[in-house]
Amino acid sequence: MTWPTQRLAAPDPARYSPRQREIHDTIASGPRGGVRGPLAVWLHREDLAATAQALGRYCRYDTALGPRLSELAILVTARVFGSEYEWYAHKPPALEAGLAPEIVEAIREGRPPAFTDEAEEVVYEVSRAAHESRRVDDALYARAEKALGADRLVDLVGLLGYYTLISLTINVFRVSPPEGARPELTDD
């Protein structure tokens, strides 16, 4: 598969400003282990890169949701936005975090998964509602508050907002998975 040409390449590391180098090194030395995809594009705007990566680090690694629920919300976001890079980057961690392969496959296919865990089902439903209608009705909110509690619900909404930024960056600038990766969200 040949991916569409990326519209805005990451800045050339040989030409980084001191601030870009500092941000790059902060990201690379953290749990991400490197600067790829949308984070690399953000290095064109140093303050955006620094601020977004700090928020992203919290949303991905430090929320009260835990990895399984966080990765579930990220995969729903990737599916809604059709962000192949995001799907490519988060499918393996979702499976490693314990999300059932049949749930991942249902999300990929765009059909509602069969959940046995209430928290997973609520995260899925809140994520879909937030992205599709940009709101959550009272009944779903009450279920989410009961299943997740206020802390995890606030973290979920923050994570959905952050990964919306990621998805838009991926889609607008055509940030593709590495060559050789196959598309999973489209039939192309």
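Residues numbered from 1 in each chain as written. Predicted model: local features only at pLDDT ≥ 70, side-chain atom pairs only at ≥ 80, totals over all residues. Heavy atoms only, no water.

Novice: Tell me what's going on with the overall build of the protein chain, and back it up with residues and numbers.
Specialist: When helices and strands are tallied, the protein chain shows eight helices and zero strands. From first element to last, N terminus to C terminus, the protein chain shows the α and β order α-α-α-α-α-α-α-α. Computed over its C-alpha atoms, the radius of gyration of the protein chain comes to 17 Å, within 12% of the 16 Å expected for a compact globule of 188 residues. Judged by the C-alpha coordinates and their principal axes, the protein chain covers about 50 × 35 × 30 Å. A total of 188 residues make up the protein chain; the buried ones form 44% of that total. A sequence separation of at least 24 residues applies to 71% of the contacts in the protein chain between residues at least 6 apart. (Helix = DSSP H or I, 4+ residues; strand = E, 2+ residues; numbered from the N terminus. Rg over C-alpha atoms; globule rule 2.2 N^0.38 Å. Buried < 20%, exposed > 50% of the residue type's maximum accessible area, 1.4 Å probe, protein only. Contact = heavy atoms within 4.5 Å.)

Novice: Give a detailed account of the packing of aromatic side chains, specifying residues and quantitative values.
Specialist: In total, this model carries three aromatic pairs according to the counting rule given. Plain terms: the ring middles of Phe-115 and Tyr-124 are 5.5 Å apart, the flat faces sit at 45° to each other, and that makes the pair tilted. The class for Phe-115 is buried, based on a relative accessible area of 16%. Under the relative-accessibility criterion, Tyr-124 is labelled buried at 10%. A ring pair is formed by Tyr-162 and Tyr-163, whose centres lie 4.9 Å apart and whose planes are at 90°; its orientation type is edge-to-face. Tyr-163 shares its class with Tyr-162; the two are buried. Put simply, the rings of Trp-42, Tyr-162 and Tyr-163 touch in pairs and so form one group of aromatic residues. (Phe/Tyr/Trp six-rings, centres within 6.5 Å; stacked < 30°, edge-to-face > 60°.)

Read these as layout, nothing more, since geometry by itself doesn't imply function.
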